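Residue-level structural notes
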Amino acid sequence: MAEINKNEQPILSVRGLKKVFGSNVVLKDISTDIYKGEKVVVVGASGSGKSTFLRCLNCLEDPDGGQIIFDEVDIADRKVNINVHRQNMGMVFQQFNLFNNKTVLKNIMLAPYIIYKKRKKKAYKAEVKADEKALKEAILAGDREKASQITERIEKRPKFNYKAECRQRALELLRRIGLEDKAKVYPSTLSGGQKQRVAIVRALAMNPKVMLFDEPTSALDPEMVGEVLNLIKEVADEGMTMVIVTHEMGFAREVGTRVIFMDEGVIAEEGTPAEIFDNPQNPRTKQFLNAVL
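Anyway, here's the lowdown on the structure attached to this text. Here the structure is a predicted model, which means the values were calculated and not measured.

Overview of the overall build of the protein chain
- A count of helical and extended segments in the protein chain gives 10 helices and 10 strands.
- Taken along its principal axes, the extent of the C-alpha atoms in the protein chain is 80 × 40 × 40 Å.
- When the 293 residues of the protein chain are sorted by exposure, 47% land in the buried category.
- In the protein chain, of all internal contacts separated by at least 6 residues, the share reaching a separation of at least 24 is 68%.
- In the structure as shown, the protein chain presents an accessible area of about 15,500 Å², 47% of it carried by carbon and sulfur atoms.
- Each charge class in the protein chain can be summarised by its mean position, and for the 46 positive and 40 negative side chains these summaries are 8 Å apart.

Next comes the structure, spelled out in structure tokens:
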């Protein structure tokens, strides 16, 4: 597991976060820092604000107050193009959110292809233009050797085909989770556990800096929970920064580097898994753990 350096800038910094639905104040002045490589597990009773907090982190719910600093930008500022920053923040939902009219392979390919095609194409055109300019200068200067080298580079440059790159990456991810044989089928033919594993690798296909998991096993039958949790553990072991809302206390203890306990829209207590599960200080934390463990 990657070492966490809290002397560095946090990858996510939350300051005074508030969220209101009508007269219901769901989040009340939440502040916390999340560092590169951390696995922050958020626990608490239903209605404590856990999922709303997670959805605010990538502005699926617009905050009503406070700041969310990601990559040194306050993404809670509504003037910011949030879609640009979401490219670096993967999200896995309770209900999978796969496109039922697209094959498993196309589900994984879709976002990287749309988002990065334009960027890759622009870079490719810039390379071509630079070589054409350099070739013209070499010819005008009478430098035959340099002109020959540039011409050879131009002739050997592969044609732009990012779709093939996306397809290869998607197949590699499916191979990783043992579902390569499901590439051409539709999500409706998969089990719940298979759908959630596909949803996780779909998020990974974007090469995000942070992964957000909103109760990723809550919609699964009990026998399917293990296969999804094992995949999340694998991703965690590779050093991915994660924020995970879960009811799985054993998983929270095993995977988390820090546990946040939320109660009535505030962070009531946070600490290492050992501190929270073995020696909680807040009476409400003790009450919750006694009920669920």
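Some remarks on the sheet that holds strand β10 (residues 266-271)
- In space, the 6 strands of this open sheet follow the order β6-β7-β8-β3-β9-β10, with mixed pairing throughout. Here the strands that pair on one side only, and so sit at the sheet edges, are β6 (89-92) and β10. Recorded for the sheet is a direction-independent mean angle of 15° between the axes of neighbouring strands.
- Bridge count between strand β9 (residues 258-263) and β10: 5 bridges; the pairing is antiparallel. Pairing of I260 across the sheet is with E270, part of β10.
- Relative to the sheet, helix α1 (residues 50-57) contacts β3 (39-43), β6, β7 (210-214), β8 (241-245) and β9, its axis offset from that of β7 by approximately 150°.

Definitions and limits used
- Residues numbered from 1 in each chain as written.
- Predicted model: local features only at pLDDT ≥ 70, side-chain atom pairs only at ≥ 80, totals over all residues.
- Heavy atoms only, no water.
- Helix = DSSP H or I, 4+ residues; strand = E, 2+ residues; numbered from the N terminus.
- Buried < 20%, exposed > 50% of the residue type's maximum accessible area, 1.4 Å probe, protein only.
- Contact = heavy atoms within 4.5 Å.
- Areas by Shrake-Rupley, 256 points an atom, 1.4 Å probe, with all protein chains shown as cover.
- Lys, Arg positive; Asp, Glu negative; His and termini not counted.
- Charge placed at Lys NZ, Arg CZ, Asp CG, Glu CD.
- Pairing = 2+ DSSP bridges.
- Axes fitted to C-alpha atoms, helices over the stretch in contact; angles between N-to-C directions.

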